[in-house]
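# Breakdown of the fold
Now for the letters of each chain:
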Amino acid sequence: MAQPPIFRLLSAAALGLPLIAAPASAASITANGAITASGPAAVHSAANSPAVGSRPSATPALTAVIPAPVQVTPAAGRTFRLGPLTVIRTQPGSPAARAVGEQLARDLRPATGFRLPVLPVAPPRLPVVSLLLGAGDGRLGTEGYRLTVAADRVTIRANKPAGLFAGTRTLLQLLPQEIDSPTPVRRPWTVAGGSILDYPRFAYRGAMLDEARHFHTPDEIKSYIDEISRFKVNYLHLHLSDDQGWRIQIDSWPKLTTVSGGPGTGVDGEGPGFLTKSQYREIVGYAARRYVTIVPEIDMPGHVNAAQVAYPELTCDGVAPPPRTDTEVGYSSLCIGSETTYRFVEDVIRELAAMTPGPYIHIGGDEAHATPEADYLAFEQRVLPLVAKYGKTAYGWNEIAKSPASTTAVAQYWDTATTNATVAAAVTRGTKVVMSPANQAYLDMKYDRHTPLGQSWAGYIEVRTAYGWDPATRVTGVGESAVLGVEAPLWSETLRTLDDIEFMAFPRLPAIAELGWSPASTHDWESFSTRLGSYGPRWTLQGVNFYPSPQINWG
Ligand code: TNX
């Protein structure tokens, strides 16, 4: 594409000449500047259209952000205006800061039509968005930032590029809603003056997508990464194997994907589908550019029927079970006494670790009802250390807390109870916990009895229920220092398309993201529901399907 006539504009500015904006690609601007939202139809929510009017929306207040920042200080009467001559200036000598600036420029372009240059030095007299490292503020950690909005400049300062990226996600929410339009909109792009100090409460803020029950394509996963990273979610856990299908290439056991990622796999036999190693690596890279770390999961010793269909030697009797396309759980188990099992497990962990730069390998461990207790313990005793052997931290569903080998592992709490003696005991031995209580954080639970998708075994979860808990007091004996963070799992027995995923994730995912990021002192349903209501039109503009919860005043 042609470069912007930036040098002509810069020299005009230097000479004090009047500046004329380069027109945005006119093809997509309607005469009155009306917004035409595109994207997938809101199939599950006919009433899903919070007003996106033809009148420009108001400039958001500095306090409108989700998740709520640590500290917001508005400066009344001061406004920054982003225009066609705005320059994005990034920390000299930092390719990572520059990449964040370029991502911001790409994010701003569809709606504004501006091609904002990303430069290490800002020319005089032009409005600037600066992304600078060296904040020199320990409170900010690696993901925090300070954002200042003055009349002539927006400055984001952070210790690390991850903080700059988080700051840019905030800036996008501070621009008017129409910034999420896929086509150019004519309106002033104003940002309210003041400053924000912000950093996360917990290091781990995750989402999980079940690739096994229904396979979701690399493009669908990337869209989900875009959508969750807007809320500063920094981990995406991919559930890559289960009874119905196996969704990741493993070279040493090729039939896992040719057979169990093939046609007829998944719930209702909806397959085929699996990620090749190169697709997986591409997703890892795509996520990393949005400061999202991929966590791969291979579920074992239960949830292994698909692996046993491909390799009958993974059963104790050597007989291949029939492929399963139903939604039962708890009936399959690896053969705990067989050395073939450990050769298989080690091969899988080794290959998974080699293609995963992130720190965690999730080894499942849930619902192993077909594995006798003693066998379960023997299995975890051998398998948990294998993850460390390949340089990773073991992560598993809360059942792994039963194993004495889980002291250096992370347990994902999916129980619904407020007490769990096994998990509390593991915490005293050092186990860290990611909180995903199924009756509050499970995105596959129906919102209410009318929800056409999802399940209800852990109850209905409306937005207020998803928001109404504290990760550090939810489970007795699992306090603030034991909690690594939160995760919102999305199991896909009933979900096929990206539209389905979005309908279940939004608006509950931002609720869980706020529990993970924002200080407990900001927790307030009235505030959250108001901010969420104002966010709705952004999803409409982005073409993101969402559930228009009656608990929220959308608009
Ligand atoms: C339980 S939660 C499971 C999954 C199902 C999910 C459906 C957990 C660790 N295991 O196998 O998909 O319920 O909600």
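Residues numbered from 1 in each chain as written. Predicted model: local features only at pLDDT ≥ 70, side-chain atom pairs only at ≥ 80, totals over all residues. Heavy atoms only, no water.

## A few points about the site of the ligand
Surveying the vicinity of the ligand reveals 14 residues, the closest of which are R213, Y442, D444, W457 and E493. In the environment of the ligand, a nitrogen atom lies 3.1 Å from a nitrogen or oxygen atom belonging to the side chain of E367. D444 has a polar side-chain atom sitting 2.6 Å from an oxygen atom of the ligand. Of the residues assigned to the shell around the ligand, the class counts are seven nonpolar, two polar and five charged. (Near = heavy atom within 4 Å. Polar contact = N/O pair within 3.5 Å; in protein donor to acceptor, adjacent residues only side chain to side chain. Nonpolar A, V, L, I, M, F, W, Y, C, P; charged D, E, K, R; others polar.)

## Side note on the side chain of H362
Here H362 lies in strand β11 (residues 360–362). A distance of 3.1 Å separates the side chain of H362 from the backbone nitrogen of G364, its partner in a polar contact. Not counting the four nearest positions on each side in its chain, H362 is found in contact with H237, V295, P296, E297, I298, Y395, G396, W397 and Q412. (Helix = DSSP H or I, 4+ residues; strand = E, 2+ residues; numbered from the N terminus. Contact = heavy atoms within 4.5 Å.)

## Description of helix α3 (residues 161–174)
Every α-helix carries 3.6 residues per turn, so stepping three or four residues along brings you back to the same face. An ideal rise of 1.5 Å per residue puts 20 Å on 14 residues; α3 measures up with 20 Å between its terminal C-alpha atoms. Of all 14 residues in α3, 14 are buried; the element is thus mostly enclosed. (Expected span 1.5 Å × (residues − 1). Buried < 20%, exposed > 50% of the residue type's maximum accessible area, 1.4 Å probe, protein only.)

## Structural notes on the state of the cysteines
As used here, a disulfide is simply a covalent bond connecting the sulfur atoms of two cysteines. This structure, assessed with the given rule, holds one disulfide. Here C316 is linked by a disulfide to C335, with a sulfur-sulfur distance of 2.0 Å. A torsion of 95° about the S-S bond marks the disulfide between C316 and C335 as right-handed. Of this pair, C316 sits in the loop between α7 (305–310) and α8 (339–354) while C335 sits in the loop between α7 and α8, and the two are 19 residues apart along the sequence. (Disulfide = S-S within 2.5 Å.)

## Describing the sheet that holds strand β2 (residues 87–90)
The sheet built from seven strands is open, its strands ordered β1-β7-β5-β6-β4-β2-β3 with mixed pairing. Strands at the two margins of the open sheet, each flanked by one partner only, are β1 (71–82) and β3 (118–119). Summarising the sheet, strand β5 (residues 145–149) and strand β6 (residues 153–158) pair through four bridges and their orientation is antiparallel. Within the sheet, the bridge partner assigned to T148 lies in β6 and is T155. Its contacts with the sheet put α3 on β4 (128–133), β5, β6 and β7 (189–198), and the angle it makes with β5 is roughly 40°. (Pairing = 2+ DSSP bridges. Axes fitted to C-alpha atoms, helices over the stretch in contact; angles between N-to-C directions.)

## Some remarks on the pattern of salt bridges
According to the stated counting rule, one finds 26 salt bridges in the structure shown. One salt bridge in this structure joins D268 and R496, with 2.6 Å as the shortest N-O distance. Linking D268 in the loop between α5 (255–258) and α6 (277–288) with R496 in the loop between β15 (483–490) and α13 (498–505), this pair joins segments that are 228 residues apart in sequence. Its salt-bridge partner being E373, residue K402 comes within 3.4 Å of it at the nearest N-O pair. With a gap of 29 residues between them, K402 in the loop between β12 (393–397) and β13 (410–413) and E373 in helix α9 (residues 373–389) connect regions that are remote in the sequence. Relative accessible area serves as the criterion here: at 47%, E373 is assigned to the partly exposed category. (Salt bridge = Lys/Arg side-chain N within 4 Å of Asp/Glu carboxyl O.)

## As for the nonpolar core
By size, the foremost hydrophobic cluster in this structure holds 111 residues, and its most contacted members are Y224, L236, I248, M300, F344 and L509. Broken down by element, the residue count for this core peaks at seven residues, all from α8. Leaving out residues up to four positions away in the same chain, Y224 has contacts with A207, L209, L236, L443, L490, I501, A505, F506 and L509. In terms of nonpolar packing, the next biggest core, distinct from the first, is built from 37 residues, F80, L108, I156 and A158 among them. (Core = buried A, V, L, I, M, F, W, Y, C linked by side-chain atoms within 4.5 Å.)

## As for the packing of aromatic side chains
Inspection of the entire model under this criterion finds 28 aromatic pairs. When the ring of W253 is compared with that of F344, the centres are 5.1 Å apart and the planes differ by 85°; the resulting orientation is edge-to-face. With W253 in the loop between β9 (235–239) and α5 and F344 in helix α8, the pair connects residues that are 91 residues apart, well separated along the chain. Given a relative accessible area of 3%, W253 falls into the buried group. Relative accessible area serves as the criterion here: at 2%, F344 is assigned to the buried category. Note on Y467 and W525: the rings are 6.1 Å apart at their centroids and 50° apart in plane angle, and the pair reads as tilted. Of this pair, Y467 sits in helix α12 (residues 463–467) while W525 sits in helix α15 (residues 525–542), and the two are 58 residues apart along the sequence. With respect to burial, Y467 and W525 carry one shared label: buried. Of the aromatic side chains, those joined through ring pairs into one cluster are Y224, F231, F506, Y535, W539, F546 and W554. A cation over an aromatic ring shows up here: R187 above the ring of W189, its NZ or CZ 5.9 Å from the ring centre. Its guanidinium or amino end placed over the ring of Y447, R508 lies 3.8 Å from that ring's centre, counting from NZ or CZ. (Phe/Tyr/Trp six-rings, centres within 6.5 Å; stacked < 30°, edge-to-face > 60°. Lys NZ or Arg CZ within 6 Å of the ring centre and 35° of its normal.)

## Quick notes on the side chain of S436
Looking at the secondary structure, you find S436 in the loop between β14 (432–435) and α11 (438–441). Polar contacts involving the side chain of S436 include one to the main-chain carbonyl oxygen of E487, which spans 2.8 Å. Apart from the residues within four sequence positions on either side, S436 is in contact with Q412, Y413, W414, A441, Y442, E487 and P489.

## Topic: empty space enclosed by the protein
Within the structure shown, the criterion is met by one cavity of 30 Å³ or more. Counted as a void, the largest cavity has a volume near 30 Å³. Along the walls of the largest cavity sit R169, L172, Q173, R230 and Y535, which together make up its complete lining. With three residues, α3 is the single largest residue contributor to the lining of the largest cavity. Class assignment for the residues of the lining of the largest cavity results in two nonpolar, one polar and two charged. (1 Å grid on protein atoms, 1.4 Å probe; cavity = no way out; pocket = protein on both sides within 12 Å on 5 of 7 lines; lining within 4 Å. Points joined across faces, edges and corners; volume = space filled by probe spheres on them.)

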